[in-house]
Amino acid sequence: MIAAQAKLVYQLNKYYTERCQARKAAIAKTIREVCKVVSDVLKEVEVQEPRFISSLSEIDARYEGLEVISPTEFEVVLYLNQMGVFNFVDDGSLPGCAVLKLSDGRKRSMSLWVEFITASGYLSARKIRSRFQTLVAQAVDKCSYRDVVKMIADTSEVKLRIRERYVVQITPAFKCTGIWPRSAAQWPMPHIPWPGPNRVAEVKAEGFNLLSKECYSLTGKQSSAESDAWVLQFGEAENRLLMGGYTYHMKPLLLYECEKHPRETDWDEACLGDRLNGILLQLISCLQCRRCPHYFLPNLDLFQGKPHSALESAAKQTWRLAREILTNPKSLDKL
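The shown structure was predicted, so the numbers you read here are calculated from the model rather than taken from an experiment.

Draft legend 1. Broad picture of the packing of helix 6 (residues 250-260) against helix 7 (residues 272-289). Close contact between helix 6 and helix 7 brings their axes to 9 Å; oriented N to C, the two are set at 120 degrees. Relative to helix 7, the element helix 6 is oriented oblique. Read as a crossing pair, helix 6 and helix 7 show a hand that is right-handed. Together, Met250, Leu253, Leu254, Tyr256, Glu257 and Lys260 of helix 6 and Asp274, Arg275, Gly278, Ile279, Gln282, Leu283 and Cys286 of helix 7 make up the contact between the two elements. When grouped by side-chain class, the residues that make up the contact of helix 6 with helix 7 number seven nonpolar, two polar and four charged.

Quick look at the structure:
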C-alpha cells in the first residue's frame with residue numbers, strides 16, 4: 001500500500017512539473033494579452049462615463065479582479081464605488097442573491113447611481129449592467145484594439161471576443177468587506193475544527209462581492225426585487241481558505257475535503273493520493289445526485305440548470321478516472 005502511494009505521489013509530482021507548469025505559463029501569457037485589450041476598452045468606458053472606473057490592476061504578477069474560467073475564458077470584475085447609501089438585504093428568499101435597497105431617510109439624489117434606483121428603492125443590477133453594456137459596445141469601436149475585439153451579441157452579459165480565440169466577461173460589482181451575509185451564517189459548522197478561528201476571522205473580514213450578472217437560481221422569477229438582484233460571490237474568501245489555487249466546481253469539494261480531514265498531516269505529500277481520490281468520489285456522488293452545494297451557501301446548487309444527461313456522462317467519466325488512478329499508478333500519463 002505504501003509503495004502504491006509512493007508511486008502515485010511520484011506521478012502527481014511528475015504530472016504537475018511536466019503538464020501543469022507549462023499550462024500555467026501559457027495561460028499567464030494569454031492573461032497579459034487579454035488584460036491589455038480589456039484595460040484599453042475600460043479606459044474608453046471611463047472617458048465616456050467616469051462612474052465606471054477600471055479596477056483591473058496587476059499586483060505581484062497577478063491581475064486583481066480577473067478569474068480564469070478556462071484557458072480561453074476569463075471573467076473580469078469591475079468594482080463600483082459608493083454602495084454606502086444602500087442597505088444590504090439578504091433574507092434567504094433569493095438563493096445565492098441579495099438586493100440593495102435605499103436606506104431609510106436617504107434621498108435618491110444622494111446616490112452616485114440615482115438613475116438606476118427603481119420605484120421601490122432598489123439599486124437595479126440589471127439596469128446598471130444594461131448601461132455598462134452600451135458603454136462597452138461604444139468603447140470597443142473607439143479603442144486601440146478595435147480590429148481584434150468585438151462584443152458578443154444575444155446575451156444580457158457584457159462579453160468580449162478577442163482575436164477570435166478568447167472570451168472575456170466583464171462584470172460590474174460591489175466589494176463588501178467587513179460584513180458577512182446572513183445566508184452564509186451557518187459557516188463554519190461548530191463541530192468541525194477546520195478552519196481555525198483566526199482563519200475564519202480573516203475570511204469574514206475579506207467579505208464577498210455582489211455581482212451584476214444573470215443568476216440561474218432566479219430563472220423564471222418575475223418580481224422586481226428578483227430581476228434587480230445581485231449575485232453573491234465569495235471568490236476572495238475561498239482563495240483565502242485555499243491560499244490561491246482552485247478550479248471552480250472542484251473548489252467547494254476541496255473545501256469540504258479540508259473539513260473532513262482538518263489535520264495538517266492529512267495533507268502531507270504521502271496522503272495526497274487519498275485526498276485526490278476523496279475529492280473525486282465526492283464529485284461522483286454530487287454528479288449522481290445532480291446537486292453540488294455551494295460551500296458558503298449550501299442551499300445554492302452549483303449544478304442548477306445543467307442537463308441531467310451531461311451530469312450522468314460526467315459521473316461515468318469521473319468514475320473511470322477515479323478507478324484508473326486507484327488501480328494504475330501511471331494513469332496520469334494518459335491525461
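Draft legend 2. Quick look at the environment of Ala6. Along the polypeptide, Ala6 turns up in helix 1 (residues 2-48). The exposure class of Ala6 is partly exposed, given its relative accessible area of 46%. Along the primary structure Ala6 and Gly273 are separated by 267 residues, whereas in three dimensions their C-alpha atoms are 8.9 Å apart.

Draft legend 3. Up close: the packing of helix 3 (residues 197-206) against helix 5 (residues 235-242). The interhelical angle for the contact between helix 3 and helix 5, taken along N-to-C directions, is 155 degrees, at an axis separation of 8 Å. Between helix 3 and helix 5, the angle falls in the class roughly antiparallel. For helix 3 against helix 5, the interelement crossing comes out right-handed. On helix 5, the residues touching Arg199, Glu202, Val203 and Glu206 of helix 3 are Glu236, Ala237, Arg240 and Leu241.

Draft legend 4. Quick peek at the UniProt feature "domain: Mab-21-like HhH/H2TH-like" (unreviewed entry) in the protein. Summarizing the sequence annotation, UniProt attributes the feature "domain: Mab-21-like HhH/H2TH-like" (unreviewed entry) to residues 247-319 in the numbering used throughout. Its end C-alpha atoms 19 Å apart, residues 247-319 is made of 56% helix and 0% strand.

Draft legend 5. Helix 2 (residues 125-142), seen in detail. The end-to-end C-alpha distance of helix 2 is 26 Å, a good match for the 26 Å that 18 residues give at a rise of 1.5 Å each. Turning to helix 2, its buried residues number three or more, namely Ala125, Ile128, Arg129, Phe132, Gln133, Leu135, Val136, Ala139 and Val140.

About the criteria used
- Residues numbered from 1 in each chain as written.
- Predicted model: local features only at pLDDT ≥ 70, side-chain atom pairs only at ≥ 80, totals over all residues.
- Heavy atoms only, no water.
- Axes fitted to C-alpha atoms, helices over the stretch in contact; angles between N-to-C directions.
- Helix = DSSP H or I, 4+ residues; strand = E, 2+ residues; numbered from the N terminus.
- Parallel < 35°, antiparallel > 145°, perpendicular 65-115°, else oblique.
- Left-handed = near helix turned anticlockwise from the far one by under 90°.
- Contact = heavy atoms within 4.5 Å.
- Nonpolar A, V, L, I, M, F, W, Y, C, P; charged D, E, K, R; others polar.
- Buried < 20%, exposed > 50% of the residue type's maximum accessible area, 1.4 Å probe, protein only.
- UniProt positions renumbered as here; feature names shortened; annotations may be inferred.
- Expected span 1.5 Å × (residues − 1).

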